[in-house]
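Below are the chains, spelled out letter by letter.
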Amino acid sequence: MLQVKALPLAELRERTSEKWREYPADVLPLFVAETDFPLAPAITAALQRAVEIGDTGYMASRTPLAQAFSDFASRRYGWEPDPARIRSTADVSMGIVEILRRVTQPGERVVVTPPVYPPFYDLVAEAGAEVERVPLRDTGTRWELDLDGIRAVFEDGATAILLCNPHNPTGTVHGRDSLTALAELADEFGVAVVSDEIHAPLAQPGSGFTPFLAVSDVAQRVGYALVSASKAFNLAGLKCALMVTADDETSAVVRGLPVEVEWRTGQFGLLAAVAAFSEESDEWLDGLLRTLDENRLLLEDLLAAHLPGARYRIPDAGYLAWIDLTALEWGDNPARRILKDAKVALHFGPAFGAEGAGHVRLNFGTSPEILTEAIERIASLVGR
């Protein structure tokens, strides 16, 4: 059974990406959503071959990418999106902006559900719309969509909702019933649902992940999905994402986007994504999920042993942990002190919305050794 292991710290520090260049070498970087694992072998082989033959030109007008993703979705989720209704673009954020520009008018309101991925606020503004906040409901055991709150803002005129499924930063997989209800509300009020599903390949087995467009015929009518291999396979710098639809009207919206939206797809990103979505990479992805499962449980044990005041719920998906440090009384933005005094870089909680006060987001897509050292460093601040 394949086990995907992180690279040694010395090798990781040779990387030139944001995670390894933002802070000095004495800082352990667990902030941005990059992982510390080697690439899946099929991706390495595809990129190496492209370099060998100089396959570095423009993305072709006909590629195997849409079919590769459809086959992947069929194997992994039991969902078979129509390849003819899939277009590529540079990244999920670009796809969100381009779709929002066409399903909203300037000044109209788009619902976001904080705490949520910080760029969502900027993407809505870039599209010319305004943010309408409807925070997730904390049930005491998990987070869920506040459907009553969403209904109220739909009734009040909001015209779109930017869904995060699985949710960043909480790692929540929204249940099928909740998504079905959301689709019904959107249909009732003529609202577009734009679903960011970039973390979907990282949903743990048994989590119940369902793509939004797969929940019902109504969801297909109101929804747009943005997907990518970038988070699961660590390909963010190669620039490739997919815009997926399942209805004639929504498909027409995406087909109507300027050709440049698709031409901004990176050639290496496309080649890497085809390899990532291939059946050849399934074993690697399964091994990664096992590693992340071990790490999310290890983090629970480390926090219990070293930071018993921390509150953490094991995420359903991904490699991002949402940790409440309020009880430690380190202020609204504890990541600042942790960076300064413990030399561990975490994502600032307040960046995710007002609900992030006292919180941090930690990336556990790393080795057990780095994760352990990071928590021990943070714990050394207690009582200081």
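Summarise the sheet that holds strand E12 (residues 320-324); cite the residues concerned and give the values.
Taken together, the four strands give an open sheet; going across it, the order is E11-E12-E15-E14, and neighbouring strands pair in antiparallel fashion. With partners counted over all chains shown, the strands left at the sheet margins are strand E11 (311-312) and strand E14 (347-348), one partner each. Inspection of the sheet shows E12 paired to strand E15 (residues 359-363) by five bridges, in the antiparallel sense. Residue pairing for E15: Ile323 is matched across the bridge by Val360.

Run through the pattern of salt bridges, naming residues and quoting values.
The full count for this structure, using the stated rule, is 25 salt bridges. Between Glu126 and Arg101 there is a salt bridge, and its shortest N-O distance comes to 3.9 Å. Of this pair, Glu126 sits in helix H6 (residues 119-126) while Arg101 sits in helix H5 (residues 92-103), and the two are 25 residues apart along the sequence. On the basis of relative accessible area, Arg101 is assigned to the partly exposed category, the value being 37%. Bridged by salt links that share partners, the residues Arg75, Arg76, Asp282 and Asp286 form one connected network.

Please give an account of the packing of helix H14 (residues 282-306) against helix H16 (residues 368-379) that cites residues and values.
At a minimum axis separation of 10 Å, H14 and H16 run at an interaxial angle of 25°. Considering their axes alone, H14 and H16 lie roughly parallel with respect to each other. Taken as a pair, H14 and H16 cross one another with a handedness that is right-handed. Side by side, H14 and H16 meet where Asn295, Leu298, Leu299, Leu302, Leu303 and His306 of the first sit next to Pro368, Leu371, Thr372, Ile375, Glu376 and Ala379 of the second. A class-by-class count of the residues in the contact of H14 with H16 yields eight nonpolar, three polar and one charged.

So what about the side chain of Ser367? Which residues, and what values?
Note on placement: Ser367 falls in the loop between E15 and H16. Among the polar contacts made by the side chain of Ser367, one reaches the main-chain amide nitrogen of Ile370 at a distance of 3.0 Å.

Describe the sheet that holds strand E4 (residues 130-133), listing the residues and the values that go with them.
Across the sheet, which stays open at both edges, the seven strands sit in the order E2-E10-E9-E8-E7-E3-E4 with mixed pairing between neighbours. In this open sheet, the two edge strands, each paired with only one partner strand, are strand E2 (86-89) and E4. Taking each pair of neighbouring strands and ignoring which way they run, the sheet shows an average axis angle of 25°. Judged from the five bridges that link them, strand E7 (residues 160-164) and strand E8 (residues 192-196) form a sheet pairing that is parallel. What sits directly across from Leu163, in E8, is Ser195. Against the sheet, helix H11 (residues 248-255) contacts E2, strand E9 (223-227) and strand E10 (241-244), and its axis sits at roughly 50° relative to E9.

Cut-offs and rules
- Residues numbered from 1 in each chain as written.
- Predicted model: local features only at pLDDT ≥ 70, side-chain atom pairs only at ≥ 80, totals over all residues.
- Heavy atoms only, no water.
- Pairing = 2+ DSSP bridges.
- Helix = DSSP H or I, 4+ residues; strand = E, 2+ residues; numbered from the N terminus.
- Salt bridge = Lys/Arg side-chain N within 4 Å of Asp/Glu carboxyl O.
- Buried < 20%, exposed > 50% of the residue type's maximum accessible area, 1.4 Å probe, protein only.
- Axes fitted to C-alpha atoms, helices over the stretch in contact; angles between N-to-C directions.
- Parallel < 35°, antiparallel > 145°, perpendicular 65-115°, else oblique.
- Left-handed = near helix turned anticlockwise from the far one by under 90°.
- Contact = heavy atoms within 4.5 Å.
- Nonpolar A, V, L, I, M, F, W, Y, C, P; charged D, E, K, R; others polar.
- Polar contact = N/O pair within 3.5 Å; in protein donor to acceptor, adjacent residues only side chain to side chain.

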